[in-house]
Amino acid sequence: MAYTPDLLASYLPRLRDASHCYVGYSGGLDSHVLLVSLVKLLGMDAVSAIHVNHQLSLNAESWEQHCQQVCDGLGVTLSIEQASVIVNGQGVEEAARIARYRAFEKRLPQDSLLLLGHHADDQVETVLYRLLRGSGPRGLAGMPASRDLGNAELLRPLLPFSRSDLEHYALAEGLVWIEDESNEDVSFDRNFLRHKVIPVLAEHWPDYATRVAHSARLCRDSDQLSDMLAAQDRIAAYEHRERLGWSISLEALMSFDELRQANLLRHWAGQHDLAQPGHKIIDAVLHELLPAKADAEPLVSWAGIQLRRYQRRLYLLPGDPDTPDYLPVSLHWDGRGELDLPDKSTLSFRLEQGRGIRLKTDVDAFEVRFRNGGERCKPVGRSASNTLKKLFQEYGLEPWLRGRVPLLYRDDVLVAVGDLWICEGFQVQPDEQGCTVQWDFRS
């Protein structure tokens, strides 16, 4: 297919509706063609470029200069983002990708569009790479043509075109682009596929890109159907937003067969922008966590995420919910504003008539402590005091939050336990204004 910018005309309504259009501009062939095409379609004032310097190549500075020269020649504003590539066992390629998208997301304003120059050959590499990693339908669907990215939308308008289509256009227009020397290093998985595997496939199946794209579409359709079923199952499982994380009914989950259980678990994490569990994690949930005895406290974790059980509910918890070692002995608080607690929860007061803690003066001093063991309290309305351990069990507070509950003291006497209850003698009278406690976790 002979490429021309006019072939992107179908995207014009979306491009014009955006608050602004940005091109992820590396200086390579595909992003250069995309940038030039958008300037021709929209004009230079409607388009800006973002160049991410991964600081991995000795040529990185000269690439920046090239990108600046090209953008100056087009009359396009260029922003340069310095990215720190941190490799945590996932490989340089993946670490660079993560750093790149973080840099884009930081730069993009509300309702803007980020356009990337991925083409049909990139899609083939992605699908083959994920196939060899054992991905399911979602991974084998390849790169989506569009998706949300922070406050913006990401768009890949060049996916229908091959690299050779873009190269023919670029040569005809006299464009000059960067060739990243790392693209020739076959020790990288994608480069190995590009230089060693795909040429062999092309010899036997000249239309390999069309075949792969067709399979990717089928996988995308299958994934969408799975998502639709999982969304219905999540409703049937009575999902509830908890103080920290989310929960679903164990009884409802156990009523599904294993395929639907696994499908729901993957969907559930994805709906909350959490890393989806792999097949090993799913297997551990289905065959270890769910069948565990009722009084057990099984735990399955991945990528800083946890699944736990409590009182016939399954909890999806972002991050480690257990009591951090760094909680201080105490904090002093005047009750004003919002108090940031070290475990990323917050404490605040809200003035209410006839409810909450009775204040001594307009400014009240509290000491905020955390459980040390042996604390007792008599909640308002109870006939006797009891240990916090027993009271937490009665109130049904999740075990992993019990060590994190802020305890409010006044003059060395326990006044309130988080927003769970007020201790007898410190409650406001019906005709008085009091302060109700708010204990929240940042979402």
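Just so it is clear, the model here is predicted, and its values are computed rather than measured.

Q: Any details on the pairing of strand β5 (residues 146–149)? Residues and values, ideally.
A: Pairing of β5 with strand β6 (residues 152–155), which is carried by four bridges, proceeds in the antiparallel orientation. In the sheet register, Arg 147 faces β6, and the bridge partner there is Leu 154. Where β5 folds back on β6, the antiparallel hairpin that results is connected by two residues, among which Gly 150 adopts a positive phi of roughly 60 degrees.

Q: Give a detailed account of the sheet that holds strand β2 (residues 47–53), specifying residues and quantitative values.
A: An order of β3-β2-β1-β4-β6-β5 is seen for the six strands of this open sheet, with the pairing classed as mixed. Because the sheet does not close on itself, it has two edges, and the strands there are β3 (77–82) and β5. Geometrically, the sheet is characterised by an average inter-axis angle of 30 degrees between neighbouring strands, direction not taken into account. With six bridges connecting them, β2 and β3 associate as parallel partners. Paired with Asn 53 across the bridge in β3 is Gln 82. Running over the sheet, helix α2 (residues 29–42) touches β1 (21–24), β2 and β4 (113–115) and is turned about 160 degrees from β1.

Q: Could you give an account of the nonpolar core, naming the residues involved and the relevant values?
A: Of all hydrophobic cores here, the largest spans 37 residues; its most connected members are Leu 347, Ile 357, Leu 388 and Leu 408. At the level of secondary structure, the elements contributing two or more residues to this core comprise β11 (313–318), β14 (345–353), β15 (366–369), α13 (388–395), β18 (407–410), β19 (413–417), β20 (421–422) and β21 (433–441). Residues within four places of Leu 408 in sequence aside, it is in contact with Trp 333, Leu 347, Phe 349, Ile 357, Phe 366, Glu 367, Val 413, Leu 414, Val 415, Ala 416 and Val 437. The next biggest cluster of nonpolar side chains, apart from the first, holds 36 residues, and it includes Cys 21, Cys 71, Leu 166 and Trp 177.

Q: Lay out the packing of helix α5 (residues 120–132) against helix α9 (residues 208–236) in plain terms, naming residues and giving numbers.
A: Remark: α5 packs on α9, axes separated minimally by 10 Å, with the N-to-C direction vectors making an angle of 60 degrees. Classified by the angle between their axes, α5 and α9 sit oblique to one another. Considering how the two elements wind past one another, α5 and α9 form a crossing that is left-handed. Together, Asp 121, Gln 123, Val 124 and Val 127 of α5 and Tyr 208, Ala 209, Val 212, Ala 216 and Arg 220 of α9 make up the contact between the two elements. The residue inventory of the contact of α5 with α9, partitioned by class, reads six nonpolar, one polar and two charged.

Q: Summarise unusual backbone geometry; cite the residues concerned and give the values.
A: A positive phi is found at Ala 303, a non-glycine position, where the angle reads about 50 degrees. With respect to the element layout, Ala 303 can be found in the loop between β9 (299–302) and β10 (305–310). Relative accessible area serves as the criterion here: at 63%, Ala 303 is assigned to the exposed category. Residues other than glycine seldom take positive phi values, yet Arg 312 does so here, at roughly 65 degrees. As for its placement among the helices and strands, Arg 312 is situated in the loop between β10 and β11. We classify Arg 312 as exposed; its relative accessible area is 69%.

Q: Tell me what's going on with the state of the cysteines, and back it up with residues and numbers.
A: Disulfide: a covalent bond connecting the sulfur atoms of a pair of cysteines. For the coordinates displayed, the defined rule picks out one disulfide. Residue Cys 435 stays outside any disulfide, its sulfur separated by 16 Å from that of Cys 423, the closest cysteine.

Q: Residue-level account of α2, with values.
A: Its 14 residues place the ends of α2 20 Å apart at the C-alpha level, agreeing with the 20 Å of an ideal helix rising 1.5 Å per residue. The buried fraction of α2 is high, at 12 of 14 residues. Along α2, the positions that sit buried rather than exposed are Leu 29, Asp 30, Ser 31, His 32, Val 33, Leu 34, Leu 35, Val 36, Ser 37, Leu 38, Val 39 and Leu 41. Note on α2: the residue one or two positions beyond its end, Gly 43, has a positive phi of about 95 degrees.

Q: Tell me about the side chain of Glu 242, and please be specific about residues and values.
A: Checked against the element boundaries, Glu 242 lands in the loop between β7 (240–241) and β8 (246–249). Buried and unpaired, Glu 242 has Arg 313 as its nearest opposite-charge partner, separated by 4.6 Å. In this structure, Glu 242 is in contact with Ser 247, Tyr 315 and Glu 398, ignoring residues within four places of it in sequence.

Q: Pulling in residues and values, what's your account of the environment of Lys 40?
A: Within the secondary structure, Lys 40 is located in helix α2. For the pair Lys 40 and Ile 282, spaced 242 residues apart in the sequence, the C-alpha separation amounts to 49 Å. Once residues within four sequence positions are removed from consideration, Lys 40 is found in contact with Pro 5, Tyr 169 and Glu 173. Among the polar contacts made by the side chain of Lys 40, one reaches the side chain of Glu 173 at a distance of 3.0 Å.

Q: Describe in detail a negative patch on the surface, supporting the description with residues and values.
A: On the surface, Asp 257, Glu 258, Asp 283 and Glu 288 cluster together to form a negatively charged patch. Structurally, Glu 288 can be placed in helix α12 (residues 279–289). With a relative accessible area of 54%, Glu 288 lands in the exposed category.

Q: Describe in detail the sheet that holds β14, supporting the description with residues and values.
A: Pairing within the open sheet is antiparallel, and its three strands lie in the order β13-β14-β21. Here the strands that pair on one side only, and so sit at the sheet edges, are β13 (338–340) and β21. Strand-to-strand twist in this sheet, taken as the mean axis angle between neighbours without regard to direction, amounts to 20 degrees. In the sheet, β13 pairs with β14 via three bridges, with the strands oriented antiparallel. Its bridge partner being in β14, Glu 338 is matched across the sheet by Ser 348.

Q: So what's going on with the packing of α2 against helix α7 (residues 163–173)? Which residues, and what values?
A: α7 packs onto α2 with a crossing angle of 65 degrees between their chain directions and a minimal axis gap of 10 Å. Handedness of the α2/α7 crossing: left-handed. The segment α2 lies against α7, with Leu 29, Asp 30, Val 33, Val 36 and Lys 40 engaging Arg 163, Leu 166, Glu 167, Tyr 169, Ala 170 and Glu 173. Residue classes in the contact of α2 with α7 are distributed as six nonpolar, no polar and five charged.

Reading guide: rules and limits
Residues numbered from 1 in each chain as written. Predicted model: local features only at pLDDT ≥ 70, side-chain atom pairs only at ≥ 80, totals over all residues. Heavy atoms only, no water. Pairing = 2+ DSSP bridges. Helix = DSSP H or I, 4+ residues; strand = E, 2+ residues; numbered from the N terminus. Axes fitted to C-alpha atoms, helices over the stretch in contact; angles between N-to-C directions. Contact = heavy atoms within 4.5 Å. Core = buried A, V, L, I, M, F, W, Y, C linked by side-chain atoms within 4.5 Å. Buried < 20%, exposed > 50% of the residue type's maximum accessible area, 1.4 Å probe, protein only. Parallel < 35°, antiparallel > 145°, perpendicular 65-115°, else oblique. Left-handed = near helix turned anticlockwise from the far one by under 90°. Nonpolar A, V, L, I, M, F, W, Y, C, P; charged D, E, K, R; others polar. Disulfide = S-S within 2.5 Å. Expected span 1.5 Å × (residues − 1). Lys, Arg positive; Asp, Glu negative; His and termini not counted. Salt bridge = Lys/Arg side-chain N within 4 Å of Asp/Glu carboxyl O. Polar contact = N/O pair within 3.5 Å; in protein donor to acceptor, adjacent residues only side chain to side chain. Patch = residues over 30% accessible without salt bridge, like charges linked within 9 Å, V, L, I, M, F, W, Y side chains within 5 Å. Areas by Shrake-Rupley, 256 points an atom, 1.4 Å probe, with all protein chains shown as cover. Charge placed at Lys NZ, Arg CZ, Asp CG, Glu CD.

Function cannot be inferred from these measures alone, as they are strictly geometric.
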